[in-house]
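# Structural features, examined
The residues making up each chain are set out below.
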Amino acid sequence: MGNVTTPVILSGGSGTRLWPLSSDRMPKQLHPLVGEETMLQVTARRARLPADTTAPIVVCNSRQAEEIERQLLAIGEKPRAMIVEPVGRNTAPAIAAAALLVDPDVVLAVMPADHVIEDEPAFARALSRAVESAAEGHLVAFGVVPTRSDTGFGYIRAGGESGDVRPIEQFIEKPDQHTADRLVAEGCLWNAGIFVFKAGAFLEELEHWEPEVLASVRQSMPTGSGEGRVELASAFATAPSISIDHAVMEKTDRSRVVSLDAGWNDVGSWQALWNVLSPDGHNVTHGDVFILDSERTYVRSQTRPVAVIGVHDVVVVETEDGVLVVDRRRAQDVRRAADWASRLQEGGSEPS
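A brief report on the enclosed structure follows. Along each chain, residues carry numbers from 1 onward, in the same order as the chain's sequence is written. Thresholds applied to this predicted model are a pLDDT of at least 70 for local features of residues and 80 or more for the giving and counting of side-chain atom pairs; totals over whole chains, interfaces and linings are not thresholded and use all residues. Note that the side-chain values use all heavy atoms of the structure and ignore hydrogens as well as water.

## So, the overall build of the protein chain
Scanning the protein chain from terminus to terminus reveals 10 helices and 18 strands. Radius of gyration here is computed from C-alpha atoms only, and the compact-globule reference equals 2.2 Å multiplied by the residue count raised to the power 0.38. Here the protein chain has a C-alpha radius of gyration of 20 Å; the compact-globule value for 352 residues is 20 Å, and the two agree. C-alpha extents for the protein chain along the principal axes are approximately 60 × 45 × 40 Å. Put simply, the protein chain has 352 residues, and 53% of those count as buried. In this description, contact between two residues means that some pair of their heavy atoms is separated by no more than 4.5 Å. In the protein chain, once contacts between residues fewer than 6 apart in sequence are set aside, the share between residues at least 24 apart is 68%. With an accessible surface of roughly 15500 Å², the protein chain has 47% of that area assigned to carbon and sulfur atoms. Distance between charge centres in the protein chain, computed from 33 positive and 50 negative side chains, equals 1 Å. Only runs of H or I of at least four residues qualify as helices and only runs of E of at least two qualify as strands under DSSP, and these elements are numbered from the N terminus. Relative accessible area decides the class of each residue, using a 1.4 Å probe on protein chains only: under 20% of the type maximum gives buried, over 50% gives exposed, and in between gives partly exposed. Note on areas: these come from Shrake-Rupley sampling with a 1.4 Å probe, and a residue is covered only by the protein chains present in the view. As used throughout, the charge tally considers Lys and Arg to be positive and Asp and Glu to be negative, leaving His and the chain termini uncounted. Every charge is mapped to an atom, namely NZ of Lys, CZ of Arg, CG of Asp or CD of Glu.

See below:
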């Protein structure tokens with residue numbers, strides 16, 4: 001690629017829509033949901049596919065840091081740095097901390113730890129194009145070529161002529177179904193939450209648009225080499241909680257989008273996971289599971305036998321933290337169950 005690139009792997013989320021498997025202690029990226037390796041391990045391998053790529057910077061919280069280190073070492077990957085947040089403040093502060101650790105001319109390839117990308121060579125080609133554009137001073141987002149209209153994703157409207165890297169005209173929040181249909185028909189892209197830019201370019205834009213974020217993150221950075229475990233100070237908690245989209249990408253005139261057509265899925269719900277594991281619509285099971293006269297089901301057992309008889313289009317998940325039974329088409333509502341379970345642990349009992 002000609003430019004040294006440092007991957008930044010964001011691993012701070014809890015994945016509440018995959019409750020009861022995913023939790024603050026062991027979020028979805030630390031589980032082997034697709035294949036033998038965890039999603040974090042697969043992401044770390046994928047991030048190193050292009051040439052001239054350094055060891056990654058990983059951003060996480062203190063509850064997950066030791067497990068992340070263990071999983072990465074298991075595949076022979078030692079992070080350049082592990083940034084440990086005292087509290088989650090969304091993606092803009094997390095990325096700012098990573099950008100402050102490196103030289104301003106270093107290109108950062110920022111990616112969540114919990115995505116599925118089936119065609120990794122296609123991803124590597126898209127990343128190479130994004131790095132070339134970032135080297136010219138652009139802030140590049142990955143826009144996934146949609147396979148359907150979907151209300152679970154944000155969208156990107158690209159401008160300019162057709163090409164590999166195009167200016168961004170508009171970021172669009174998760175739409176209703178009618179709007180999603182129209183956006184796909186118009187050729188808009190899904191916002192993958194993957195970004196590539198020089199560290200210095202991102203910090204310049206962040207200081208211009210959200211100076212309070214950068215000031216708080218600067219105050220939280222410890223002195224030292226910026227390698228190994230980097231424990232952020234309590235000042236990090238004073239940073240506004242804001243995504244990189246809202247903080248910078250929607251405002252800057254330096255934004256660009258590179259198209260990605262590589263079998264991408266954010267595995268944001270049990271429905272999304274079933275889509276990945278069952279492209280032909282068959283049953284999917286994990287663990288000690290018995291199924292009879294049931295179709296298009298996902299059944300996962302972690303600690304005891306689970307039997308499912310005479311049901312269709314249902315997700316059943318059993319773990320030591322709880323049991324979930326949900327219509328696959330209601331998978332987005334699992335977040336409400338996770339919130340209820342969290343309140344229950346804290347002494348409450350009533351679901352919202």
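## Comments concerning the sheet that holds strand 13 (residues 284-286)
In spatial order, the strands read 13-15-17-18; together these 4 strands make up an open sheet with mixed pairing. Edge strands, defined here as strands with exactly one partner in the open sheet, are strand 13 and strand 18 (322-327). With direction set aside, neighbouring strand axes in the sheet form an average angle of 5°. Think of it this way: DSSP has to see at least two bridges between two strands before they count as a pair. Across 3 bridges, strand 13 lies against strand 15 (residues 298-301) in parallel orientation. Counterpart to His286 in the pairing with strand 15 is Arg300. On top of the sheet, helix 9 (residues 270-277) reaches strand 13, strand 15, strand 17 (314-319) and strand 18; it is set at about 100° to strand 15, its chief contact. Interaxial angles span 0 to 180 degrees and are taken between N-to-C directions of axes, which are lines fitted to C-alpha atoms, for helices over the stretch in contact.

## Describing unusual backbone geometry
With an omega of 5°, the peptide bond running from Trp19 to Pro20 counts as cis. Tracing the sequence through the fold places Pro20 in the loop between strand 1 (5-10) and helix 1 (39-47). The backbone of Asp313 sits at a positive phi, close to 55°, despite the residue not being glycine. The exposure class assigned to Asp313 is buried, which follows from its relative accessible area of 13%.

## Some remarks on the nonpolar core
Only buried Ala, Val, Leu, Ile, Met, Phe, Trp, Tyr and Cys residues count toward a nonpolar core, and they belong to the same one when joined by side-chain atoms within 4.5 Å. Val8, Ile83, Leu108, Val110, Phe197, Phe202 and Leu206 are the most contacted members of the largest nonpolar core, which totals 45 residues. A per-element tally of this core places helix 3 (residues 91-100) first, with 7 residues. Those residues in contact with Ile83, other than ones at most four positions away along the chain, are Ile57, Val58, Val59, Cys60, Ala97, Ala98, Leu101, Val230 and Leu232. The next biggest cluster of nonpolar side chains, apart from the first, holds 43 residues, and it includes Met26, Ala44, Ala192 and Ala262.

## Observations concerning the packing of helix 1 against helix 2 (residues 65-74)
Two numbers describe how helix 1 lies on helix 2: the axes approach to 9 Å, and their chain directions differ by 55°. Accordingly, the angle class assigned to the pair helix 1 and helix 2 is oblique. The hand of the helix 1/helix 2 crossing is right-handed. Here Leu40, Gln41 and Ala44 of helix 1 lie close against helix 2, whose contacting residues are Ile68, Gln71, Leu72 and Ala74. Charged means Asp, Glu, Lys or Arg here, nonpolar means Ala, Val, Leu, Ile, Met, Phe, Trp, Tyr, Cys or Pro, and polar covers whatever is left, Gly included. Considering only residue class, the contact of helix 1 with helix 2 consists of 5 nonpolar, 2 polar and no charged. Oblique is the label for any angle not under 35 degrees, not over 145, and not in the 65 to 115 range, which are roughly parallel, roughly antiparallel and roughly perpendicular in turn. Handedness of a helix crossing follows the sense of rotation of the near helix relative to the far helix, less than a right angle counterclockwise being left-handed and clockwise being right-handed.

## Things to note about helix 7 (residues 211-220)
Within helix 7, the full set of buried residues consists of Val213, Leu214, Ser216, Val217 and Ser220. Projected down its long axis, helix 7 carries its buried residues within an arc of 165°, all on one side. For helix 7, the exposed residues lying more than 90 degrees away from the buried face are Glu212 and Gln219. Think of it as the arc spanned by the lines of direction from the helix axis to the C-beta atoms.

## A few points about the packing of aromatic side chains
Note on aromatic pairs: the rings of Phe, Tyr and Trp (six-membered ring only in Trp) are paired at centre separations within 6.5 Å, and the planes decide the class, stacked below 30 degrees, edge-to-face beyond 60, tilted for the rest. One pass over the structure, following the stated rule, counts 6 aromatic pairs. Ring geometry for Phe123 and Phe142: centres 5.9 Å apart, planes at 45°, overall tilted. Residue Phe123 is located in helix 4 (residues 120-135), and its partner Phe142 is located in strand 6 (residues 139-144); the two are separated by 19 residues in the primary sequence. With respect to burial, Phe123 and Phe142 carry one shared label: buried. Three or more aromatic residues joined by ring pairs make a cluster, and in this case those are Phe153, Trp190 and Trp264. Cation placement over rings: the criterion is NZ of Lys or CZ of Arg within 6 Å of the ring centroid and within 35° of the ring normal. Seen from the ring of Trp274, Arg328 lies directly overhead, with NZ or CZ sitting 3.6 Å from the centre.

## Structural notes on a nonpolar patch on the surface
Residues Phe290, Leu292 and Ile309 make up a contiguous nonpolar surface patch of about 290 Å² in total accessible area. Mapping Ile309 onto the fold places it in strand 16 (residues 306-309). Two distance rules govern patches: like charges are joined within 9 Å, and nonpolar side chains (Val, Leu, Ile, Met, Phe, Trp, Tyr) within 5 Å, applied only to residues with over 30% relative accessible area and no salt bridge. The working definition used for a salt bridge is a side-chain nitrogen of Lys or Arg within 4 Å of a carboxyl oxygen of Asp or Glu.

## Some points on the layout of surface pockets
Buriedness of a pocket was judged along seven lines, with at least five required to meet protein on both sides within 12 Å; pockets are open sets of points on a 1 Å grid over the protein atoms alone, cavities are sets where a 1.4 Å probe fits but cannot get out, and lining residues have an atom within 4 Å of a point. Grid points are joined across faces, edges and corners, and a volume is the space filled by probe spheres set on the points. If you add up the space inside the largest pocket, you get close to 1400 Å³. Contributing to the lining of the largest pocket are 45 residues, with Arg17, Asn90, Thr91, Pro112 and His115 lying nearest its centre. Mapped onto the lining of the largest pocket, the elements with two or more residues apiece are strand 2 (57-61), helix 3, strand 8 (165-172), strand 9 (189-198) and helix 8 (244-249). For the lining of the largest pocket, the residue count by class is 15 nonpolar, 19 polar and 11 charged. By volume, the second largest pocket amounts to about 410 Å³.

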